[in-house]
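Next come the chains, spelled out residue by residue.
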Amino acid sequence: MEASGRFVGIDLGKRTYDMCLVEPKGKITRTNGKTDFKGIDKLCEKLGADDLVAIEACNIAMRIERRIRQTVGCKVYILNPGKLAVIYMSTRKTDKEDALKLAKLLKNHDEDELPIVTPPTDEEWERRKLLSEYKSLKGARTREVNKLHAIFEHAGYTQFKRKDMCCEKNRNNILPLLKGYEKEEAERLIERLTLLEKQIEQLLQKINAEVEKDDKVQLAMTVPGIGPITALAYVAYMGDLSRFENPHQVSNFLGFVPKIDHSCTIKRNGHTTKNGNALLRSLLVQAAWGTVRSKDGGALRDKYKYMSGTKGMAKGKSIVTTARKLGELLYMLLKENKSYEPQKFITPEYHISKLADEALAANM
């Protein structure tokens, strides 16, 4: 990669960083510091506007990238650590060596050869934090509901199901059945559940406010099965859709494409890569179930029935394939700014039969 400034590699730790600066002529300079506010300010003073900076993606990488970009104005690349084999296959694994390797990656490779992680905009970043907290609270609520259900089971009340513990009114009605310590423990669980549900409701109000002000999110919700949370997550995590050239790149980004092992006569496809964001991928799988059960599911619903019925594919694999197609459909709708309209699914057998008929008619 050509640059008028230096090539800079920064290896970030929780509290400190190591930085390596490589001059265009090859001179190497090393420095380090702390990752607190004062330390990052000093880091920015050491950089120039013409420098190219590489940072491994981690918890604090986005914050530091934004600080360097706004303060210094130089180009910053956030790189996917899972695809930096030159670092993880090295026999010398130190922070100083990692920083040097990052700097040399910039110097020796073009931009399109680097595993770049696109940093989110400020709005996308806030939405991601909102969705992450919502997922965390929902998970905490599920765990507390399971604990409460277990208390009733251990006390001998096996007629109740977990869904009976999800409603505050039901919980209060069945609580008097417990005695002694079980009742005290259940009361504490119910207090935590009430607080969690209140906080979840507050986050839902914030999510709905984000949905109302974004036309893209509302456009995504025209697809059956896509609710406000899935639509907001798709827009927040996919970012600028113009960086994808085709729907297959979207599936690759989401982690829905299979691992491929093609060597000589061996041609084998493995499980999905799962490289993308786990929250968005799980939401798309959940949304796919809603799509295939909707009367307006169109081609996605028909294809799911074809795979799980006619072809005999397992329902789990069929729904993951449907989720992949759902992610590609959302990409096309948002890119072309169109609302969803159900389409008819054409089976491969029908397509082959039609081509054969056309060929036969052409030869007559």
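Residues numbered from 1 in each chain as written. Predicted model: local features only at pLDDT ≥ 70, side-chain atom pairs only at ≥ 80, totals over all residues. Heavy atoms only, no water.

Examining the side chain of Arg127
For step 1, the next point in the chain: You can see Arg127 is positioned in helix 5 (residues 122–154).
For step 2, the next point in the chain: Here Arg127 is in contact with Glu210, Lys213, Asp214, Val217, Leu232, Val235 and Ala236, once residues within four sequence places are set aside. (Helix = DSSP H or I, 4+ residues; strand = E, 2+ residues; numbered from the N terminus. Contact = heavy atoms within 4.5 Å.)

Notes on the packing of helix 5 against helix 9 (residues 228–238)
For step 1, the next point in the chain: Running from N to C, helix 5 and helix 9 point in directions that differ by 140 degrees, and their axes come no closer than 9 Å. In terms of their interaxial angle, helix 5 and helix 9 are classed as oblique. The two elements helix 5 and helix 9 meet at a crossing, and its hand is left-handed. On helix 9, the residues touching Glu124, Arg127, Arg128, Leu131 and Tyr134 of helix 5 are Ile229, Leu232, Ala233, Val235, Ala236 and Tyr237. (Axes fitted to C-alpha atoms, helices over the stretch in contact; angles between N-to-C directions. Parallel < 35°, antiparallel > 145°, perpendicular 65-115°, else oblique. Left-handed = near helix turned anticlockwise from the far one by under 90°.)

Remarks on the nonpolar core
For step 1, the next point in the chain: One finds Leu131, Tyr234 and Leu284 to be the most contacted residues of the largest nonpolar core, which totals 46 residues.
For step 2, the next point in the chain: At the level of secondary structure, the elements contributing two or more residues to this core comprise helix 5, helix 7 (180–212), helix 8 (215–220), helix 9, helix 10 (247–254), helix 11 (278–293), helix 12 (298–310) and helix 13 (315–336).
For step 3, the next point in the chain: Examining the composition of this core, we find that 9 residues originate from one element, helix 9, more than from any other.
For step 4, the next point in the chain: Among all residues touching Tyr234, those that are not within four sequence positions of it are Gly239, Val250, Leu280, Leu284, Gly327, Leu330, Tyr331 and Leu334.
For step 5, the next point in the chain: Counting 19 residues, the second-largest nonpolar core is a separate cluster that includes Ile10, Leu12, Ile40 and Val76. (Core = buried A, V, L, I, M, F, W, Y, C linked by side-chain atoms within 4.5 Å. Buried < 20%, exposed > 50% of the residue type's maximum accessible area, 1.4 Å probe, protein only.)

Considering the side chain of His149
For step 1, the next point in the chain: Its location among the elements puts His149 in helix 5.
For step 2, the next point in the chain: Among the polar contacts listed, one links the side chain of His149 to the backbone oxygen of Phe160, at a separation of 3.1 Å.
For step 3, the next point in the chain: Discounting chain neighbours no more than four positions away, the residues touching His149 are Phe160, Lys161, Arg162 and Met165. (Polar contact = N/O pair within 3.5 Å; in protein donor to acceptor, adjacent residues only side chain to side chain.)

Looking at the layout of surface pockets
For step 1, the next point in the chain: In this structure, the largest pocket encloses a volume near 1200 Å³.
For step 2, the next point in the chain: Lining the largest pocket are 29 residues, and of these Asn80, Ile116, Val117, Thr118 and Phe253 lie nearest its centre.
For step 3, the next point in the chain: Of all the secondary-structure elements, those providing two or more residues to the lining of the largest pocket are helix 5, helix 10 and helix 11.
For step 4, the next point in the chain: For the lining of the largest pocket, the leading source of residues is helix 5, giving 4 residues.
For step 5, the next point in the chain: Of all the secondary-structure elements, those providing two or more residues to the lining of the second largest pocket are strand 7 (266–272), helix 11 and helix 13.
For step 6, the next point in the chain: Sort the elements by how many residues they give to the lining of the second largest pocket and helix 13 lands first, with 5 residues.
For step 7, the next point in the chain: Class assignment for the residues of the lining of the second largest pocket results in 5 nonpolar, 6 polar and 4 charged. (1 Å grid on protein atoms, 1.4 Å probe; cavity = no way out; pocket = protein on both sides within 12 Å on 5 of 7 lines; lining within 4 Å. Points joined across faces, edges and corners; volume = space filled by probe spheres on them. Nonpolar A, V, L, I, M, F, W, Y, C, P; charged D, E, K, R; others polar.)

Geometric values such as these leave the question of function open.
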